[in-house]
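Take a look at the letters that make up each chain.
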Amino acid sequence: MRIRMKTKPWLRMLEACAFLALVFALVISVTGLMERKKSRDLFGGFLEEPALYDVLFFGDSQLMNAMMPLEMWEETGVAGYNMACYGSVMPTTYWSLVNALDYASPKIVVIAINGMNETHKVTNYSGDLHTALDFWPMSANKARTIEDLLHDPDDPDYTDIEGYRYRDLRSEFYFTLGKYHSRWSELTKADFQARPAHSRGGEMLVGVAPIWEYELADENDYAEEGGYSYQYLRMAIELCQSRGIEVLLVHLPAPQYINSQRHANTVGSMAQEYGVDFVDVTYMDSIVDYAVDCVDADPHLNVSGTLKMTDYLAS
């Protein structure tokens, strides 16, 4: 006669927990394998030693190509990380700052203010937003970031370039496997290897292209302050000041955009209001040579321009 042993309730619960933990670990592993690696390539190194950095840089692709932190380290001994990202408009920049301050306590934050005329919280390239956010571990502030950036009360049906409404994309920012699950055919050997980010953010571009003809706006020609950009820039400054962090605002070279110059003049007045430093490189003809230091007409800086701007910002 066989005696049937009853499984104790706590043992069943333990087995269930172990199974769920295994499934969770598998999902995390597959998610890391499948995701597009650009975000971690650029910013993953920040999370390795966030307390190391005395200065953090925030902005869009123009700042990505204007500051190489390792060059600054070699020249000045100041440790920094370039957190700038493609298509990062001011609301995205603000939330990148919020998430970074969960891990780091920099002495100085540098914010590039190009693109103050943007009218939405994000650009229409959702891939750029993934690059800015994917590497951050899930946290309360990352959740706040997703909820805020993907909700635009002024334009609730705002879409990315592929026609997807941002408010319908929340799940793929919480669970990136939903975004990248179809990358099986794109996987390469590099996807299965560790990819340490040694550059401390920033990218150098190779090539030379002249910019368009331009004229400089009068320094007293101001744009109207309004929209999300100014609201979130004020929030960023006030956040830094509440934590005793110095702020440097920078308008990078953009002489061919009169509207950008006018907005930069307005930001200059805001900087005085808050008592923070502001540098407008567009009005400085001694920093970069537009004939040889740009890779395109936007302008994004090439290698020579990057080294010159890095040297200037480091000083």
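Residues numbered from 1 in each chain as written. Predicted model: local features only at pLDDT ≥ 70, side-chain atom pairs only at ≥ 80, totals over all residues. Heavy atoms only, no water.

1. Considerations on the overall build of the chain
Logical step 1: For the chain, the count of helices and strands is twelve helices and five strands.
Logical step 2: A buried classification covers 49% of the 315 residues belonging to the chain.
Logical step 3: A fraction of 82% describes how many contacts in the chain between residues 6 or more apart in sequence connect residues 24 or more apart.
Logical step 4: Here the chain has roughly 16,100 Å² of accessible surface; of this, 56% comes from carbon and sulfur atoms. (Helix = DSSP H or I, 4+ residues; strand = E, 2+ residues; numbered from the N terminus. Buried < 20%, exposed > 50% of the residue type's maximum accessible area, 1.4 Å probe, protein only. Contact = heavy atoms within 4.5 Å. Areas by Shrake-Rupley, 256 points an atom, 1.4 Å probe, with all protein chains shown as cover.)

2. Brief notes about unusual backbone geometry
Logical step 1: In this model, Asp-298 is joined to Pro-299 through a cis peptide bond whose omega is 0°.
Logical step 2: With respect to the secondary-structure elements, Pro-299 resides in the loop between β5 (277-280) and α12 (303-314).

3. Describing the nonpolar core
Logical step 1: The biggest cluster of nonpolar side chains holds 76 residues, and the ones touching the most others in it are Phe-46, Leu-63, Ile-113, Leu-233, Leu-249 and Met-309.
Logical step 2: The biggest single contributor to this core is helix α10 (residues 227-242), with eight residues.
Logical step 3: Among all residues touching Met-309, those that are not within four sequence positions of it are Ala-66, Leu-252, Pro-253, Val-281, Ile-287, Val-288 and Leu-301. (Core = buried A, V, L, I, M, F, W, Y, C linked by side-chain atoms within 4.5 Å.)

4. A few points about empty space enclosed by the protein
Logical step 1: Tallied over the full model, the rule gives five cavities of 30 Å³ or more.
Logical step 2: Considering only enclosed or pocket space, the largest cavity measures out at about 60 Å³ in volume.
Logical step 3: Surrounding the largest cavity, His-120, Lys-121, Val-122, Leu-149, Leu-150, His-151, Asp-152, Asp-155, Pro-156, Tyr-158, Tyr-166 and Arg-167 form its lining.
Logical step 4: Considered class by class, the residues forming the lining of the largest cavity number six nonpolar, two polar and four charged. (1 Å grid on protein atoms, 1.4 Å probe; cavity = no way out; pocket = protein on both sides within 12 Å on 5 of 7 lines; lining within 4 Å. Points joined across faces, edges and corners; volume = space filled by probe spheres on them. Nonpolar A, V, L, I, M, F, W, Y, C, P; charged D, E, K, R; others polar.)

5. Side note on the confidence of the model for the chain
Logical step 1: Per-residue pLDDT for the chain averages 85, and the proportion of residues at 70 or more is 83%.
Logical step 2: Here residues 26-31 scores under 50 on pLDDT; set against residues more than four positions off or in separate chains, the count is three contacts. (pLDDT = per-residue confidence, 0-100.)

6. A closer look at the pairing of strand β4 (residues 246-251)
Logical step 1: Along β4, five of the six residues are buried, which leaves the element largely enclosed by surrounding structure.
Logical step 2: Looking at chain direction, strand β3 (residues 108-112) and β4 are connected through five bridges and run parallel. Residue pairing across strands places Ala-112 opposite Val-250, the latter belonging to β4.
Logical step 3: Chirality of the crossover, the property in question, places the unit of β4, helix α11 (residues 258-274) and β5 among those that are right-handed. (Pairing = 2+ DSSP bridges. Right-handed = clockwise from strand over helix to strand, strands pointing away.)

7. Some points on the side chain of Ser-260
Logical step 1: For Ser-260, the position within the fold is in helix α11.
Logical step 2: The contact partners of Ser-260, leaving out residues within four places of it in the chain, are His-251 and Ala-254.

8. Concerning the environment of Val-247
Logical step 1: Within the fold, Val-247 resides in strand β4.
Logical step 2: For Val-247, the contacting residues outside a window of four places in its chain are Val-109, Ile-237, Cys-240, Val-276 and Asp-277.

9. What about the pattern of salt bridges?
Logical step 1: One pass over the full model with this rule turns up ten salt bridges.
Logical step 2: When the shortest N-O distance is used, the salt bridge between Asp-148 and Lys-121 registers 3.2 Å. Separated by 27 residues along the polypeptide, Asp-148 in helix α7 (residues 140-149) and Lys-121 in the loop between β3 and α6 (126-133) bring together distant segments of the chain.
Logical step 3: Since its relative accessible area comes to 18%, Asp-148 is described here as buried.
Logical step 4: What makes Lys-121 buried here is its relative accessible area of 5%.
Logical step 5: Residue Asp-221 is joined to Arg-262 by a salt bridge in which the shortest nitrogen-to-oxygen separation is 3.1 Å. One end of the pair, Asp-221, is in the loop between α9 (177-180) and α10; the other, Arg-262, is in helix α11, with 41 residues separating them in the sequence.
Logical step 6: We classify Asp-221 as partly exposed; its relative accessible area is 28%.
Logical step 7: Taking relative accessible area as the criterion, Arg-262 reaches 23% and is therefore assigned partly exposed.
Logical step 8: In the salt-bridge network here, residues are joined through shared partners; they are Asp-157, Arg-165, Arg-167 and Asp-168. (Salt bridge = Lys/Arg side-chain N within 4 Å of Asp/Glu carboxyl O.)

10. What to know about the packing of α10 against α11
Logical step 1: Interhelical geometry of α10 versus α11 gives an angle of 30° and a closest axis separation of 12 Å. With respect to α11, the axis of α10 lies roughly parallel. With respect to the hand of their crossing, α10 and α11 are arranged in right-handed fashion. For the pair α10 and α11, the contacting residues are Tyr-230, Leu-233, Arg-234, Ile-237, Glu-238 and Gln-241 in the first and His-263, Thr-266, Val-267, Met-270, Glu-273 and Tyr-274 in the second.
Logical step 2: A class-by-class count of the residues in the contact of α10 with α11 yields six nonpolar, three polar and three charged. (Axes fitted to C-alpha atoms, helices over the stretch in contact; angles between N-to-C directions. Parallel < 35°, antiparallel > 145°, perpendicular 65-115°, else oblique. Left-handed = near helix turned anticlockwise from the far one by under 90°.)

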